[in-house]
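Residues per chain are reported as follows:
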Amino acid sequence: MLSVHGRKPAAVIVEPIARTFLKLGLSPNVVTVAGTVISCAIILTLVPTGHLFLAAVLSGLFTAFDMLDGTMARLRGGGTVFGATLDASCDRVTDGVLFSVIVWWLIYRYEASQALVAAAFTTLVASQVISYVKARAEAGGIKIIGGLIERPERLIIGLTGLGLTGLGVPYAIDVALWVLAVGSVVTVVQRLMKASHDPHGTEFITAPPGA
């Protein structure tokens, strides 16, 4: 939802930074990779050592690079197919690292229940499927827009739960993960339903070579 409605208000902050990066000679692809590497390093370093609040704040800051690279590409006159592929791939890496480390922390530091660990695994898998459904559908000419839990909501809810837990708020990560698990599964169903009802959804496709 936020990916559809939240970009315009954020542009007031993002666009000046994007213009500055372009003036410095940085490319959108460099910003994409830098944001991913730094975000993953923060998560892998701070969460296992128990610095949850700092990890949440810094991760939220650097994952905002996800908006910067796209804005830079637009201001430069448009992006490239490779740039879009790189951006989507880096998003999957960041999401995978974040929720994998959260699962590790739940098991070895939080002594979480099996049900909560299952909710975290559900979020981890469903987050990848949500993005895959969109990518595969659009490769077949089906436009998928929106959904209950998209990447911005996923990061906001997950990092907020992590940060509040670091501040000592009880069950913050539990609530966040259950909301994400349920909401992510709902989003997968929403996107599949949109694809099934699209006029292109009933078109026949050529069988792959060797089939």
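Heads up: these notes are all about the structure in this document. Just so it is clear, the structure is predicted and the values come from calculations on it, not from any experiment.

As a further point, take the packing of aromatic side chains. Taken as a whole and judged by the stated rule, the model has two aromatic pairs. Consider the rings of Trp104 and Tyr108, whose centres lie 5.4 Å apart with planes at 40°: the pair is tilted. Taken as a pair, Trp104 and Tyr108 lie in helix α6 (residues 81-108) at a separation of four residues, close to a single helical turn. Since its relative accessible area comes to 58%, Tyr108 is described here as exposed.

This structure, assessed with the given rule, holds one cavity of 30 Å³ or more. The volume enclosed by the largest cavity comes to roughly 90 Å³. Lining the largest cavity are 14 residues, and of these Thr32, Gly35, Thr36, Asp66 and Asp91 lie nearest its centre. Its residues assigned to classes, the lining of the largest cavity shows three nonpolar, six polar and five charged.

A few words on helix α3 (residues 28-46). Structural remark: α-helix, 3.6 residues per turn; residues separated by three or four positions point the same way. Its 19 residues give α3 an end-to-end C-alpha distance of 27 Å, which sits within 8% of 27 Å, the value for a rise of 1.5 Å per residue. Residues of α3 that are buried: Pro28, Val31, Thr32, Gly35, Thr36, Ser39, Cys40, Ile42, Ile43 and Leu46. Each buried residue of α3 lies within a common arc of 160° when the element is viewed along its axis, so the set occupies one face.

The rules we used
Residues numbered from 1 in each chain as written. Predicted model: local features only at pLDDT ≥ 70, side-chain atom pairs only at ≥ 80, totals over all residues. Heavy atoms only, no water. Phe/Tyr/Trp six-rings, centres within 6.5 Å; stacked < 30°, edge-to-face > 60°. Helix = DSSP H or I, 4+ residues; strand = E, 2+ residues; numbered from the N terminus. Buried < 20%, exposed > 50% of the residue type's maximum accessible area, 1.4 Å probe, protein only. 1 Å grid on protein atoms, 1.4 Å probe; cavity = no way out; pocket = protein on both sides within 12 Å on 5 of 7 lines; lining within 4 Å. Points joined across faces, edges and corners; volume = space filled by probe spheres on them. Nonpolar A, V, L, I, M, F, W, Y, C, P; charged D, E, K, R; others polar. Expected span 1.5 Å × (residues − 1). Arc of directions from axis to C-beta.

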